[in-house]
Amino acid sequence: MQTVLIWLVIQLKLIIEFTEFDVDIAEVPQSVIDDIKNIEKKFNKWVYDKDNKLSWDRENRAFCFRGDLFVYWLNQFVLSNNEKAELKESQPESYDRSLPKIMF
């Protein structure tokens, strides 16, 4: 008899808010929601680091980023192999405002 382990990661929707009327929606693991304040601080540190060439132009000016950069950062630097974040919607016309959110 063989034992099979199934790893289930629950995905939750997260509002990535830039302004009250400008949001993206991502699906993220519960672990992101549970540690959202710490993750927000770490992402802000990373995105504004001058050595990070993904968020700066050639003149060392930060450019406007969207939720896809946040999702990329989560997948590359925060989440483990069995966890994954995914951008679901960019600038939706309507969304559930009661969802958890991160603000930039």
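First things first, this report covers the structure right here in the doc.

Thresholds applied
- Residues numbered from 1 in each chain as written.
- Predicted model: local features only at pLDDT ≥ 70, side-chain atom pairs only at ≥ 80, totals over all residues.
- Heavy atoms only, no water.
- Helix = DSSP H or I, 4+ residues; strand = E, 2+ residues; numbered from the N terminus.
- Buried < 20%, exposed > 50% of the residue type's maximum accessible area, 1.4 Å probe, protein only.
- Pairing = 2+ DSSP bridges.
- Salt bridge = Lys/Arg side-chain N within 4 Å of Asp/Glu carboxyl O.
- Core = buried A, V, L, I, M, F, W, Y, C linked by side-chain atoms within 4.5 Å.
- Contact = heavy atoms within 4.5 Å.
- Patch = residues over 30% accessible without salt bridge, like charges linked within 9 Å, V, L, I, M, F, W, Y side chains within 5 Å.
- Areas by Shrake-Rupley, 256 points an atom, 1.4 Å probe, with all protein chains shown as cover.
- Expected span 1.5 Å × (residues − 1).

Some remarks on unusual backbone geometry
Excluding glycine, residues mostly carry a negative phi; peptide bonds, for their part, are mostly trans.
And then number 1: Within the chain, Gln91 stands out as a residue other than glycine whose phi angle is a positive 50 degrees.
And then number 2: Relative to the assigned elements, Gln91 resides in the loop between β3 (86–90) and β4 (101–103).

Focus: the pairing of strand β2 (residues 22–29)
And then number 1: The element β2 is largely enclosed, with a buried count of seven among its eight residues.
And then number 2: Here strand β1 (residues 11–19) runs beside β2; their pairing, made up of eight bridges, is antiparallel. Bridge pairing links Glu17 to Val23 in β2.
And then number 3: Between the end of β1 and the start of β2, which pair antiparallel, lie two residues.

Examining the pattern of salt bridges
And then number 1: The full count for this structure, using the stated rule, is four salt bridges.
And then number 2: Lys101 is the salt-bridge partner of Glu17, the closest N and O atoms lying 3.5 Å from each other. Residue Glu17 is located in strand β1, and its partner Lys101 is located in strand β4; the two are separated by 84 residues in the primary sequence.
And then number 3: Among the charged side chains, a salt-bridge network with shared partners connects Asp22, Asp24 and Arg66.

Brief notes about the nonpolar core
Buried together is how nonpolar side chains tend to be arranged in soluble globular proteins.
And then number 1: Counting residues in each nonpolar core, the largest one holds 21 residues, and the members touching the most others are Leu14, Val28, Val32, Phe70 and Leu74.
And then number 2: Breaking this core down by element, the ones donating at least two residues are β1, β2, α1 (30–34), α2 (36–47) and α3 (67–78).
And then number 3: Excluding anything up to four places from it in sequence, Leu14 contacts Asp24, Ile25, Ala26, Val28, Val32, Ile33, Ile36, Phe70, Pro100, Lys101 and Ile102.

Some words on a nonpolar patch on the surface
And then number 1: Taken together, the side chains of Leu54, Tyr72, Phe77 and Val78 present a nonpolar region at the surface, about 360 Å² in accessible area.
And then number 2: Note that Leu54 resides in the loop between α2 and α3.
And then number 3: By relative accessible area, Leu54 is classed as partly exposed at 43%.

Here's the deal with α3
And then number 1: Between its first and last C-alpha, α3 extends 15 Å over twelve residues, near the 16 Å set by a 1.5 Å rise per residue.
And then number 2: Among all positions of α3, only Gly67, Leu69, Phe70, Val71, Trp73 and Leu74 are buried.
And then number 3: Where α3 is buried, its residues touch β1, β2, α1, α2, β3 and β4.

Some thoughts on the environment of Glu20
And then number 1: Among the secondary structure elements, Glu20 is positioned in the loop between β1 and β2.
And then number 2: Along the backbone, Glu20 and Met103 are 83 residues apart, and their C-alpha atoms lie at a distance of 9.4 Å.
And then number 3: Those residues in contact with Glu20 that lie beyond four places of it in its chain are Tyr95 and Arg97.

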